[in-house]
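Read off the chains here:
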Amino acid sequence: MPRTIRDVVFVDGVRTPFGKAGPKGIYHETRADDLVVKAIRELLRRNPDLDPARIDEVAIAATTQIGDQGLTLGRTAGILAGLPQSVPGYSIDRMCAGALTAVTSTAGSIAFGAYDVVVAGGVEHMGRHPMGEGVDPNPRFVSEKLVDESALFMGMTAENLHDRYPQITKVRADAYAVRSQEKAAKAYANGKIQQDLVPISVRNTNAEVGETGWGLVTADEPMRPGTTMESLAGLKTPFRAHGRVTAGNAAGLNDGATASLLAAEDVARELGLPVKMRLVSYAFAGVEPEVMGYGPIPATEKALAKAGLTIDDIGLFEINEAFAVQVLAFLDHYGIADDDARVNQYGGAIAYGHPLASSGVRLMTQLARQFEEQPEVRYGVTTMCVGFGMGATVVWENPHFDKADGGSK
């Protein structure tokens, strides 16, 4: 019996505020799975018409799947969040694109008819579980020259990308970073970000005075409003002497979680759930691991081709800012100006942080807000580079698109 492919929609998305990894970070005493639980509970609170028993799957991504990020996180977090025990769950890993892959994997199942409603998201507690903790890369990668040794170090891959694009200077990267901080501060000032943040109660110890107390986290910790070109100019280049990648023009090491609700469009309408974005296409692509930041370019080309669109059809871009050079390489490839108004309107990971496997849903949540505000825009893209040489792109359609407003993209 032939099946009808169903339209898949992004119903809602939330995230915790992102924190700085390490002993001084806001989430130092907070478990990774508890961050996911808070995000799932917030989705349910915001969508009271959804019977939790209607959720068919919980897919949660983590890059370092050990400790409080292990134990089949989608299943355990679902139980901890109070979902019925009939709701299954699983874990997923595609490094930085973990949450994005959780969305696309479950979306494919919705389109096929296996699921009606799902929760998809991700978490990374880089303070508890540093990137690469417990891994054992096969020595053949280097001994047989399957990859350049620099492929194992993300900062080095960013320096390699600078080599590949000599026109992307440190000054350009720093200028992009300053704009990201400025746009993030403006988005906060205008109340664009807080709507989708889950306040988190945290227990912290003040080592200096020996005090322990509770607090409420309501904003992203990594942001540096007031960043200037002068303040970035003197930062060290830790990955290469006289290099171009610094802590100022790259995302930091961060903790945080995201969660989203996806559904078949007909089911969302039936249940009275909001329809914030409609999935058009998605694609993943592999590139040389030593220049992993190049990945969004071929991934976007594939996703656009599958959708029958061109880059000129895209009215909004949410590009993960693992490194400024990676975004700038994408923009250069497509002939888009560094300060194009369509790109990362609320700022990006350089300001907010990049807790690896969680970030894909942050991009989607921000794009959904922009769609709502801009009905003249028809299509948007969420895209990101992925460790060990990959790119991931999702093309979305704005359900609020109004041709009467003169919209075309």
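This is a predicted model, so every value here is computed, not measured.

Our focus in this paragraph is the overall build of the chain. Of the regular secondary structure elements, the chain holds twelve helices and twelve strands. Relative to a compact globule of 409 residues, whose C-alpha radius of gyration would be 22 Å, the chain shows 20 Å and is just as compact. Its C-alpha atoms put the chain at 60 × 55 × 50 Å along the principal axes. Out of the 409 residues in the chain, the part that is buried amounts to 57%. Once local pairs closer than 6 in sequence are excluded, the contacts in the chain between residues at least 24 apart make up 79%. Within the structure as shown, the chain displays about 16,400 Å² of accessible surface, and the carbon and sulfur contribution to it stands at 53%. Separation of charge centres in the chain, based on 39 positive and 50 negative side chains, amounts to 0 Å.

All right, on to the layout of surface pockets then. Approximately 1,100 Å³ is the volume attributed to the largest pocket. Forming the walls of the largest pocket are 44 residues, and the residues nearest its centre are Met126, Met131, Met154, Leu253 and Leu356. Contributing elements (two or more residues each) for the lining of the largest pocket: helix 5 (154–164) and helix 11 (349–352). For the lining of the largest pocket, the per-class residue count stands at 28 nonpolar, ten polar and six charged.

Turning our eyes to something else, we now look at helix 6 (residues 170–189). If you check helix 6, its first and last C-alpha atoms are 29 Å apart, about what 20 residues at 1.5 Å a residue would give, namely 28 Å. Inspection of helix 6 places Lys170, Arg172, Ala173, Asp174, Tyr176, Ala177, Val178, Ser180, Gln181, Ala184, Ala187 and Tyr188 among the buried residues, and these make up the whole buried set. Among the structural elements, helix 5, helix 7 (229–233), helix 10 (324–334) and helix 11 are those in contact with the buried residues of helix 6. After helix 6 finishes, the residue Gly191 shows a positive phi value of roughly 70°.

Below, the discussion takes up empty space enclosed by the protein. In the structure shown here, the tally under the stated rule is two cavities of 30 Å³ or more. Of the volumes computed, that of the largest cavity is approximately 80 Å³. Lining the largest cavity we find Arg15, Lys192, Ile193, Asp196, Leu197, Tyr346, Arg362, Thr365, Gln366 and Arg369. The element contributing the most residues to the lining of the largest cavity is helix 12 (residues 359–373), with four residues. Tallied by class, the residues present in the lining of the largest cavity amount to three nonpolar, two polar and five charged. Estimates place the volume of the second largest cavity at around 40 Å³. Taken together, Asp12, Gly13, Arg46, Asp196, Lys276, Thr365, Ala368, Arg369 and Glu372 make up the lining of the second largest cavity. When residues of the lining of the second largest cavity are traced back to their parent elements, those giving at least two are strand 1 (8–15) and helix 12. Examining the composition of the lining of the second largest cavity, we find that four residues originate from one element, helix 12, more than from any other. Among the residues making up the lining of the second largest cavity, the classes are represented as one nonpolar, two polar and six charged.

Glancing now at helix 9 (residues 296–307). Helix length check: helix 9 (twelve residues) gives 16 Å between terminal C-alpha atoms against 16 Å at 1.5 Å per residue, within 8%. Listed as buried for helix 9 are Pro296, Ile297, Pro298, Ala299, Thr300, Ala303 and Leu304. Its buried side turned inward, helix 9 meets strand 9 (277–286), strand 10 (314–319), helix 10, strand 11 (379–386) and strand 12 (390–397). Downstream of helix 9 by a residue or two, Gly308 has a phi angle that is positive, lying close to 70°.

This brings us to the pattern of salt bridges. Using the criterion set out here, one finds 26 salt bridges in the structure. Salt-bridge contacts for Arg6 lead to Asp116; the nearest nitrogen and oxygen are separated by 3.0 Å. In this pair, Arg6 is assigned in the segment before strand 1 and Asp116 in the loop between helix 3 (98–112) and strand 5 (117–125), connecting sequence segments 110 residues apart. Residue Asp116 is classed as partly exposed on the basis of its relative accessible area, which comes to 22%. Of the charged contacts, one joins Glu144 and Arg140 as a salt bridge, the two residues approaching to 3.1 Å between their closest N and O atoms. The class of Arg140 is partly exposed, set by a relative accessible area of 42%.

To continue, consider the packing of helix 5 against helix 10. Interhelical geometry of helix 5 versus helix 10 gives an angle of 35° and a closest axis separation of 9 Å. When the axes of helix 5 and helix 10 are compared, the crossing they make is left-handed. Judged by residue contacts, Ala158, Leu161 and His162 of helix 5 engage Val325, Gln326 and Ala329 from helix 10. Classifying every residue of the contact of helix 5 with helix 10 gives four nonpolar, two polar and no charged.

In the UniProt entry, the feature "domain: Thiolase C-terminal" (unreviewed entry) is given for residues 275–397. In residues 275–397, the share of helix is 34% and the share of strand is 26%. The end C-alpha atoms are 11 Å apart.

Across the interface, helix 9 lies against helix 10 with an axial gap of 9 Å and an inter-helix angle of 50°. One element, helix 9, and the other, helix 10, form an angle in the oblique class. Of the residues in helix 10, those touching helix 9 at Pro296, Ile297, Thr300 and Glu301 are Gln326, Ala329, Phe330, His333 and Tyr334. Each residue belonging to the contact of helix 9 with helix 10 can be placed in one class, and the counts come to five nonpolar, three polar and one charged.

Each value, and the rule that gives it
- Numbers given to residues run from 1 along each chain, matching the order in which its sequence is written.
- Local features in this predicted model are restricted to residues of pLDDT 70 or higher, and side-chain atom pairs are both shown and tallied only at a pLDDT of 80 or more, whereas totals for entire chains, interfaces and linings draw on every residue.
- Note that the side-chain values use all heavy atoms of the structure and ignore hydrogens as well as water.
- Starting at the N terminus, helices and strands are each numbered in turn, a helix being any DSSP run of H or I of at least four residues and a strand any DSSP run of E of at least two.
- This radius of gyration counts C-alpha atoms alone. The globule rule is 2.2 Å times how many residues there are, raised to the power 0.38.
- Buried, partly exposed and exposed residues are distinguished by accessible area as a fraction of the type maximum, computed with a 1.4 Å probe on protein chains only: under 20%, between the cut-offs, and over 50%, respectively.
- The contact criterion used is simple: two residues touch if any of their non-hydrogen atoms lie within 4.5 Å.
- Per-residue accessibility takes into account occlusion by the displayed protein chains alone, with areas from the Shrake-Rupley method and a 1.4 Å probe.
- Neither His nor the chain termini are counted; the positive set is Lys and Arg, and the negative set is Asp and Glu.
- Where a charge lies is defined by one atom per residue type, namely NZ (Lys), CZ (Arg), CG (Asp) and CD (Glu).
- Cavity means a closed set of points on a 1 Å grid over the protein atoms alone, one where a 1.4 Å probe fits but cannot get out, pocket means an open set with protein on both sides within 12 Å along at least 5 of 7 lines, and lining means a residue has an atom within 4 Å of a point.
- Grid points are joined across faces, edges and corners, and a volume is the space filled by probe spheres set on the points.
- Each residue gets one label: Ala, Val, Leu, Ile, Met, Phe, Trp, Tyr, Cys and Pro are nonpolar, Asp, Glu, Lys and Arg are charged, and the others, such as Gly, are polar.
- Expected helix span is taken as 1.5 Å per residue step, with the number of steps being one fewer than the number of residues.
- For salt bridges, the criterion is a side-chain nitrogen of Lys or Arg within 4 Å of an Asp or Glu carboxyl oxygen.
- Where helices are involved, their axes are fitted lines through C-alpha atoms of the stretch in contact, as for all axes, and angles between N-to-C directions lie from 0 to 180°.
- In this scheme the crossing of two helices becomes right-handed for a clockwise turn of the near helix relative to the far one and left-handed for an anticlockwise turn of less than a right angle.
- UniProt positions are given in the numbering used here, feature names are shortened, and annotations may be inferred rather than shown by experiment.
- Orientation labels follow simple angle bins: below 35 degrees gives roughly parallel, above 145 gives roughly antiparallel, 65 to 115 gives roughly perpendicular, and whatever is left gives oblique.

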